[in-house]
Amino acid sequence: MNDSPAHTDAPVLDVWCELQCPDCRSALDDLRALRARYGDRLELRLRHFPLEKHKHAFAAAQAAEEALEQGKGWEYVEAVLGRVEELDRGGEPFLVEVARELGLDAEEFDTALVDGRHILIVDADQAEGKAIGVTGTPTYVIGGERLDGGKSQEGLRERVEEIADRLLAQQE
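Notes on the structure in this doc start here. Just so it is clear, the structure is predicted and the values come from calculations on it, not from any experiment. (Residues numbered from 1 in each chain as written. Predicted model: local features only at pLDDT ≥ 70, side-chain atom pairs only at ≥ 80, totals over all residues. Heavy atoms only, no water.)

1. A few points about the nonpolar core
And step 1. Residues L13, Y76 and Y140 are the most contacted members of the largest nonpolar core, which totals 45 residues.
And step 2. A per-element tally of this core places helix α4 (residues 84-101) first, with 7 residues.
And step 3. Once you skip the residues sitting within four places of it in the chain, Y76 turns out to touch A63, A64, A67, L95, V98, A99, L102, L104 and F109. (Core = buried A, V, L, I, M, F, W, Y, C linked by side-chain atoms within 4.5 Å. Buried < 20%, exposed > 50% of the residue type's maximum accessible area, 1.4 Å probe, protein only. Helix = DSSP H or I, 4+ residues; strand = E, 2+ residues; numbered from the N terminus. Contact = heavy atoms within 4.5 Å.)

2. A few points about a negative patch on the surface
And step 1. Taken together, E92, D105, E107 and D110 make up a surface patch of like negative charges.
And step 2. By the secondary structure assignment, D110 is in helix α5 (residues 106-115). (Patch = residues over 30% accessible without salt bridge, like charges linked within 9 Å, V, L, I, M, F, W, Y side chains within 5 Å. Areas by Shrake-Rupley, 256 points an atom, 1.4 Å probe, with all protein chains shown as cover. Salt bridge = Lys/Arg side-chain N within 4 Å of Asp/Glu carboxyl O. Lys, Arg positive; Asp, Glu negative; His and termini not counted. Charge placed at Lys NZ, Arg CZ, Asp CG, Glu CD.)

3. Re the sheet that holds strand β4 (residues 145-148)
And step 1. Pairing is mixed across the open sheet formed by 4 strands, whose spatial order is β2-β1-β3-β4. The two strands at the open ends of the sheet, each matched to only one other strand, are β2 (43-48) and β4. When strand polarity is set aside, the average angle formed by the axes of neighbouring strands in this sheet is 20°.
And step 2. Across 6 bridges, the pairing between strand β1 (residues 12-17) and β2 is parallel. What sits directly across from L13, in β2, is L44.
And step 3. Running at roughly 165° to β4, helix α7 (residues 156-171) makes contact with β1, β3 (139-142) and β4 of the sheet. (Pairing = 2+ DSSP bridges. Axes fitted to C-alpha atoms, helices over the stretch in contact; angles between N-to-C directions.)

Here it is, written out as structure tokens:
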């Protein structure tokens, strides 16, 4: 998921994430800092990796895709991740409520969750994640390197910045 038009040659940071994951919430500050530092010189893509232990994660991934379609992908992701406990308790009605709070078409969200129009995107992300060895969230992939943030966030942003800086320098 990417709602900002990036340069076609911008390095890509794939962020394998799930919206019911407390570790992904911890990673939000790093993601904000990366977006602030690089802007459109680094393409941040949310990739879905809902874990079975979180019963609302699959619906939340679909909701994030609907938010992207309605033009507020990252804003929605940040709003849901910031309230993981409410998602735990509230499930799909909470996902629709967040959409309403952000001024999105909540009825369309509800319909999207019922008709499953985004399931194929979520399934494809999950399959690709498994194929490249993602086992938990968050996991970052940049420049062909996989960085596992599910165990610890410590030093990850610095490592991502090192790789991004190297990739950007190679383009000059």
